[in-house]
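# Summary of structural features
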Amino acid sequence: MDKERRKVLQLGAAALVAAGMPPRFAAARTEGVMKSIAKGQNYESFEFGDLKVVALRDGYVDMPPTRLRQVSGRTFDTLPAGVPLVSGQLRLSVNAFLVIEKEQSVLIDTGASNSWYPTMGKLLEAMHEAGIDRNSVTRVALTHTHEDHVNGLVAPDGSVAYPRAERIFVPHEELSVFSGRLALLRDRATPIDDGFLVSERITAVKAAGHSAGHTTYEVRSNAGYLVAWGDIIHVPSIQFGRPEIAWEFDSNQSKARDARLVLLERIARPDYYVAGAHLDFPGVGRVTRSGDAFVFHPV
Ligand SMILES: [Zn+2]
């Protein structure tokens, strides 16, 4: 391992200690507790202890590999081996996750609706395919406010996509997004900070770097934990193995890198699962450690 990378990983470990990790919760035996119970083209439902989790595919977006960044901030002359390209581009899945509890159905992120490329905007169709009424969504929690996470709050026909979601939780640093297209939802927008309880089972855990307020959501079931981590990883084929690699759209690449390392360290254990907005659909799985790298194991 080169010296620069070792230094970065050590910094990550220091941040972990500073943050009071490793984790606060006693390990539970959870091997196999996240169980796929139904799936279609754009959804997959999981039984997760006493909760249900539904992965919903909004679509995908193709991005040039020049968006990947080395620790120095430079692009790669030669891509690391094993990175799949589609017509020379990296294909990023765009996912959102619905957590169904007894009292609440919480949608984490909302896709892009019709605001960006036409390869996205299928979230409402995905929900329909899963047999879920969009009126059953009682709360929305946003990891951050980039277009592919927030613009799905407004349906392609201009209506409010989740009319019964009375509260929309948004990292307080990014509240200003509720203008223009999203102005009609301003009254529902509720600014949150680290540790905020979105519901009885979901806690906001700040992981800033990709954006100023980037927030993950830790979901607690009676069988373990699921961290919906938003944009902690954009290119799973590279960044689990080399978490020091950053992304052009990380507003602060070195902070994003630290946040990624801290989180990977924290969830690489048997009672934790991760749900990623840009992991290959359905984007749900476990993480293990392998030397200085990490490995993703889809459910
Ligand atoms: Zn994103």
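Use the structure listed above.
These lines cover the structure that appears in this document, whether it is placed above or below. (Residues numbered from 1 in each chain as written. Predicted model: local features only at pLDDT ≥ 70, side-chain atom pairs only at ≥ 80, totals over all residues. Heavy atoms only, no water.)

### A look at the overall build of the chain
So the rule is basically this: The numbering of helices and of strands both runs from the N terminus, where a helix is a DSSP run of H or I of at least 4 residues and a strand a run of E of at least 2. Three exposure classes are used, based on accessible area relative to the maximum for each residue type with a 1.4 Å probe and protein chains only: buried under 20%, partly exposed in between, and exposed over 50%. Only heavy atoms matter for contacts: two residues are in contact if any of them lie within 4.5 Å across the pair. Each accessible area is a Shrake-Rupley estimate made with a 1.4 Å probe; only the visible protein chains count as cover when residues are assessed.
Helices and strands together make up the secondary structure of the chain, namely 5 helices and 16 strands. Buried residues in the chain amount to 54% of all 299 residues. Long-range pairs, those at least 24 residues apart, make up 65% of the contacts in the chain with a sequence separation of at least 6. Total accessible area computed for the chain in this model is approximately 12,700 Å², and 49% of it derives from carbon and sulfur atoms.

### As for the sheet that holds strand 10 (residues 202-206)
We count it as follows: Paired strands are those between which DSSP finds at least two bridges. Only the stretch in contact is used when fitting a helix axis, every axis being a line fitted to C-alpha atoms; angles between N-to-C directions are given from 0 to 180 degrees.
Taken in spatial order, the 6 strands make up an open sheet running 10-11-12-14-15-16, and their pairing is mixed. Each edge of the open sheet carries a strand with a single partner, namely strand 10 and strand 16 (293-298). Direction aside, neighbouring strands of the sheet carry axes that sit 35 degrees apart on average. Sheet topology places strand 11 (residues 215-221) next to strand 12 (residues 224-228); 5 bridges connect them, and they run antiparallel. Bridge pairing in strand 12 links Tyr 217 to Ala 228.

### Points about the coordination of the zinc ion
Inclusion rule: Coordination here is defined by N, O and S atoms within 2.8 Å of the metal (3.2 Å for Na, K and Ca), and since water is not considered, a site can look incomplete. When four donors show all angles between 85 and 135 degrees the site is tetrahedral, when four or six donors have opposite pairs over 155 degrees and all other angles between 65 and 115 it is square planar or octahedral respectively, and in every other case it is irregular.
With distances of 2.1 to 2.5 Å, the protein atoms coordinating the zinc ion are Asp 148 (OD), His 149 (NE2), Asp 231 (OD) and His 278 (NE2). If you look at the zinc ion, its 4 donor atoms make angles of 86 to 169 degrees with each other, and the shape they trace is irregular. Coordination of the zinc ion draws on donor residues from a single chain, spaced D-H-x81-D-x46-H in sequence. You'll find Asp 148 and His 149 in the same group, each marked buried.

### Considerations on helix 5 (residues 253-267)
Worth spelling out the cut-off: A helix is expected to span 1.5 Å for every residue after the first.
An ideal rise of 1.5 Å per residue puts 21 Å on 15 residues; helix 5 measures up with 21 Å between its terminal C-alpha atoms. Taken together, the buried positions of helix 5 are Ala 256, Arg 257, Ala 259, Arg 260, Leu 261, Val 262, Leu 263, Leu 264, Arg 266 and Ile 267.

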